[in-house]
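# Remarks on the overall topology
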Amino acid sequence: MRSKATVILALLVLVILGGWIGFGRMARAQLESADLRSGTLPSYGPAIDNFMDLLSKGKIDDALATIDFYKDQPDAKQIMRDRLIHLSTEQHRYFGYDVVSAQRFSPRLQSVSIIACYDVQPIVFHFDFYHPEAGGNQPWLIPGFSMSENVVEELKDVPVDYHPAAK
């Protein structure tokens, strides 16, 4: 009889502990998504702001210099440079950007997609952010960057708010 009570107590502790851990994760995710909805970006926000500001001013080389991946990849940098030059001539005016998804894999690795709004169409920019040292105050490294004009395809797996059309 005593072992049955011990098993029940152990199960109860596991259920409570599991709920507590799950609640903590859910609360953290809600805080992060609330930051995104409010327009407040986590600590990598200034890196995106800087890149987009440089790009909007036509300073493509300066913008690409902020992407760590391109420092050792001159061929890839030239390809992206050509794409960004083409973008600036084809899209005309830039109206700002919206964060559309942020994935937090760990405190050291996060992935963010934004929509840059232009006259002709929106463009998706995807940034990977990395901190080599946990808890450090160093700036985020950007080891990955890409862009796509195929917005719907790029964002098809991002959760969206659904609002049926008003009648």
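### Digging into the nonpolar core
For soluble globular proteins, nonpolar side chains are generally found buried alongside one another. In this structure, Phe-51, Leu-84, Phe-125 and Phe-127 are the most contacted members of the largest nonpolar core, which totals 26 residues. Here this core takes five residues from helix 2 (residues 45–56), the largest share from any one element. Core analysis: the next-biggest nonpolar cluster, separate from the first, contains five residues, Ile-115, Val-151, Leu-155 and Val-158 among them.

### A word on the pairing of strand 3 (residues 123–130)
Consecutive residues of a regular strand have side chains that alternate between opposite faces of the sheet. Bridge analysis of strand 2 (residues 109–118) against strand 3 gives eight bridges, and the strand direction is antiparallel. Its bridge partner lying in strand 3, Ile-115 is registered against Val-124. Between the end of strand 2 and the start of strand 3, which pair antiparallel, lie four residues. The pairing of strand 3 with strand 4 (residues 141–148) spans six bridges and is antiparallel. From the neighbouring strand, Val-124 faces strand 4, where its bridge partner is Ser-148.

### Some details on the packing of aromatic side chains
Counting across every chain of the model gives nine aromatic pairs. On the basis of an interplanar angle of 20 degrees and a centroid distance of 5.8 Å, the ring pair of Phe-125 and Phe-145 is categorised as stacked. A residue pair is termed long-range when its members are at least 10 positions apart, and Phe-125 in strand 3 and Phe-145 in strand 4 qualify at 20 residues. The burial state of Phe-125 is the same as that of Phe-145; both residues are buried. One aromatic cluster in this structure is built from Phe-51, Phe-125, Phe-127, Phe-129, Trp-140 and Phe-145.

### Observations concerning the pattern of salt bridges
By the definition in use, this model includes four salt bridges. The closest approach of N and O atoms between Lys-57 and Asp-53, which form a salt bridge, is 3.1 Å. The exposure class assigned to Lys-57 is exposed, which follows from its relative accessible area of 53%. The class of Asp-53 is partly exposed, set by a relative accessible area of 33%. Asp-61 is paired through a salt bridge with Arg-81; the nearest N and O atoms lie 2.6 Å apart. One end of the pair, Asp-61, is in helix 3 (residues 60–65); the other, Arg-81, is in helix 4 (residues 74–91), and 20 residues separate them in sequence. Judged by its relative accessible area of 39%, Asp-61 is partly exposed.

### Section: the sheet that holds strand 3
In spatial order, the strands read 1-2-3-4; together these four strands make up an open sheet with antiparallel pairing. Every interior strand has two partners, whereas the edge strands, strand 1 (94–106) and strand 4, have only one. For this sheet, the mean angle separating the axes of adjacent strands, direction not counted, is 20 degrees. Contacting strand 2, strand 3 and strand 4, helix 4 crosses the sheet at an angle of about 50 degrees to strand 4.

### Things to note about the environment of Leu-54
Position of Leu-54 among the secondary structure elements: in helix 2. Overall, the relative accessible area of 15% leaves Leu-54 in the buried class. With ten residues separating them in the primary sequence, Leu-54 and Leu-64 have C-alpha atoms 9.1 Å apart. Once you skip the residues sitting within four places of it in the chain, Leu-54 turns out to touch Lys-59, Asp-62, Ala-63 and Thr-66.

What counts as what
- Residues numbered from 1 in each chain as written.
- Predicted model: local features only at pLDDT ≥ 70, side-chain atom pairs only at ≥ 80, totals over all residues.
- Heavy atoms only, no water.
- Core = buried A, V, L, I, M, F, W, Y, C linked by side-chain atoms within 4.5 Å.
- Buried < 20%, exposed > 50% of the residue type's maximum accessible area, 1.4 Å probe, protein only.
- Helix = DSSP H or I, 4+ residues; strand = E, 2+ residues; numbered from the N terminus.
- Pairing = 2+ DSSP bridges.
- Phe/Tyr/Trp six-rings, centres within 6.5 Å; stacked < 30°, edge-to-face > 60°.
- Salt bridge = Lys/Arg side-chain N within 4 Å of Asp/Glu carboxyl O.
- Axes fitted to C-alpha atoms, helices over the stretch in contact; angles between N-to-C directions.
- Contact = heavy atoms within 4.5 Å.

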